[in-house]
Amino acid sequence: MTLDEAIKHCTEKACGDCSECAEEHQQLADWLRMLKYLKENSVMPIYRKQDWLQIADYHGEKQIPLVIEEMAELTQALTKYIRITQGGQPVRKTIGEVRENIKEELSDVIVMLIQLQHLFYIDEVAINQIAVEKLDRTMKLMEGNK
C-alpha cells in the first residue's frame, strides 16, 4: 500500500459508520499526511529529523524551556553582531567568531522549532498558510513605501 492509498483508506474509515474508531483513523490520516508532506517538502531541511522528533516525544513539554533558551542564545549572538558592525560597545570576539556563533545558534533554534511544531501538532500547511498571508501583507507594505 502506498502512502497516498493509506491516507485515503484512513480518511474513508474516519468518515465511515464506526464512530468508535473514527477519531483514531482521522489522527492516523493526519499523521500520514504530515509524513508525506515532510518527505516531499521539508520546511526546515534537517538531517535525522526523525531522531529530533523522538527526542521531543521523549522529553515532551520539558523541551519548551530549551526552545526559549536557544532563542535567547541566538538573540545574544545577533546582538553581538550588531554591536560589532554598527560600532557599539566592544565585543571580545571577532566578526568571524560571531558569525560562526550565529550559525550554531540558528541551527539550535531550527531544531528546537521543529520539535515545538511536533509537540503542538502544528502541520506545515497551517504554517505555510500563515507565512504566505504575512508575506503578502509585508509585500504590500513595501510597495506602499516606494
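Residues numbered from 1 in each chain as written. Predicted model: local features only at pLDDT ≥ 70, side-chain atom pairs only at ≥ 80, totals over all residues. Heavy atoms only, no water.

Engineer: If you had to explain the pattern of salt bridges to someone new, which residues and values would you point to?
Structural biologist: For the structure on display, the rule yields two salt bridges. Taking the shortest distance from any N to any O, the salt bridge between R48 and D51 comes out at 2.7 Å. Exposure remark for R48: the relative accessible area of 63% places this residue in the exposed category. Accessibility expressed as a relative area gives 29% for D51, which makes it partly exposed. In this structure, K103 and E100 form a salt bridge, with 3.0 Å as the shortest nitrogen-oxygen distance. In this pair, K103 and E100 both sit in helix α5 (residues 95-119), three residues apart, roughly one turn of the helix. (Salt bridge = Lys/Arg side-chain N within 4 Å of Asp/Glu carboxyl O. Buried < 20%, exposed > 50% of the residue type's maximum accessible area, 1.4 Å probe, protein only. Helix = DSSP H or I, 4+ residues; strand = E, 2+ residues; numbered from the N terminus.)

Engineer: Break down the packing of helix α4 (residues 64-85) against α5 for me, citing the residues and quoting the values.
Structural biologist: Across the interface, α4 lies against α5 with an axial gap of 9 Å and an inter-helix angle of 155 degrees. In terms of axis orientation, α4 runs roughly antiparallel to α5. Of the two elements, α4 crosses α5, and the hand of that crossing is left-handed. (Axes fitted to C-alpha atoms, helices over the stretch in contact; angles between N-to-C directions. Parallel < 35°, antiparallel > 145°, perpendicular 65-115°, else oblique. Left-handed = near helix turned anticlockwise from the far one by under 90°.)

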